[in-house]
Amino acid sequence: TPSALLASNKLYFLRGNKGDLTCLDAADGKVNYSLQKLEGTGTIFASPVGAKDRLYITSQSGITYVVKQGSDFEILATNELEDGNFASPAIVGDELFIRGFKYLYCISED
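Since the structure is predicted, the reported quantities are computational estimates derived from the model, not experimental observations. (Residues numbered from 1 in each chain as written. Predicted model: local features only at pLDDT ≥ 70, side-chain atom pairs only at ≥ 80, totals over all residues. Heavy atoms only, no water.)

K.L.:
Mind showing me how you'd approach the sheet that holds strand 10 (residues 95–99) here?
P.N.:
Hydrogen bonds between backbone atoms are what pair the strands of a sheet, whose relative direction is either parallel or antiparallel. With antiparallel pairing, the three strands of this open sheet are ordered in space as 9-10-11. Every other strand in the sheet has two partners, leaving strand 9 (90–92) and strand 11 (104–108) as the edge strands with one partner each. In this sheet, adjacent strand axes meet at a mean angle of 25° when their direction is disregarded. Bridge analysis of strand 9 against strand 10 gives three bridges, and the strand direction is antiparallel. Among the inter-strand pairings, Val-92 is bridged to a residue of strand 10, identified as Glu-95. (Pairing = 2+ DSSP bridges. Helix = DSSP H or I, 4+ residues; strand = E, 2+ residues; numbered from the N terminus. Axes fitted to C-alpha atoms, helices over the stretch in contact; angles between N-to-C directions.)

K.L.:
Quick question: what am I supposed to make of unusual backbone geometry here?
P.N.:
As a rule of thumb, non-glycine residues mostly have phi less than zero, and peptide bonds are mostly trans rather than cis. Look at Ser-8: it is not a glycine, yet its phi comes out positive at around 50°. Inspection of the secondary structure puts Ser-8 in the loop between strand 1 (5–7) and strand 2 (10–14). Within the chain, Lys-52 stands out as a residue other than glycine whose phi angle is a positive 55°. Residue Lys-52 is classed as exposed on the basis of its relative accessible area of 72%. (Buried < 20%, exposed > 50% of the residue type's maximum accessible area, 1.4 Å probe, protein only.)

K.L.:
I tried to follow the layout of surface pockets on my own but got confused; where do I start?
P.N.:
If a probe the size of a water molecule is rolled over the atoms, the empty space left behind becomes visible. When its volume is computed, the largest pocket comes out at roughly 520 Å³. What lines the largest pocket is a set of 15 residues, among which Arg-54, Tyr-56, Asp-94, Ile-107 and Glu-109 lie closest to the centre. Only strand 6 (54–58), strand 7 (63–68), strand 10 and strand 11 provide two or more residues apiece to the lining of the largest pocket. Classifying every residue of the lining of the largest pocket gives six nonpolar, four polar and five charged. (1 Å grid on protein atoms, 1.4 Å probe; cavity = no way out; pocket = protein on both sides within 12 Å on 5 of 7 lines; lining within 4 Å. Points joined across faces, edges and corners; volume = space filled by probe spheres on them. Nonpolar A, V, L, I, M, F, W, Y, C, P; charged D, E, K, R; others polar.)

K.L.:
I keep staring at the side chain of Asp-20 and nothing clicks. Help me out?
P.N.:
The topology assignment puts Asp-20 in strand 3 (residues 20–25). The buried category is assigned to Asp-20, whose relative accessible area is 10%. Those residues in contact with Asp-20 that sit more than four places away from it in its chain are Phe-13, Leu-14, Arg-15, Leu-35, Gln-36 and Lys-37. (Contact = heavy atoms within 4.5 Å.)

Structure follows, in structure tokens:
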């Protein structure tokens with residue numbers, strides 16, 4: 001089951017292994033949004049990670065969702081690899097590493 005993520009005073013978590021994302025205010029528990037569906041995810045074992053103003057959520061089906069951090073739910077991008085994964089992404093500097101079933105991917109901006 002994916003772990004929760006605390007970022008910018010917001011608590012983000014997925015419902016079980018499903019692609020339903022919830023965001024609460026960390027200070028008072030106020031629900032900002034609840035059970036927002038990440039379509040086409042299949043099962044999610046990886047925990048979300050955060051950097052700058054974004055969340056990165058990877059799914060078993062190979063889709064990585066880029067979600068805007070904050071009180072309003074907004075998917076900024078959906079990217080798909082031809083390789084699924086169970087591992088949480090890792091962020092090192094300006095690079096995002098995703099360990100797929102077959103390969104290790106490094107995604108960065110040129």
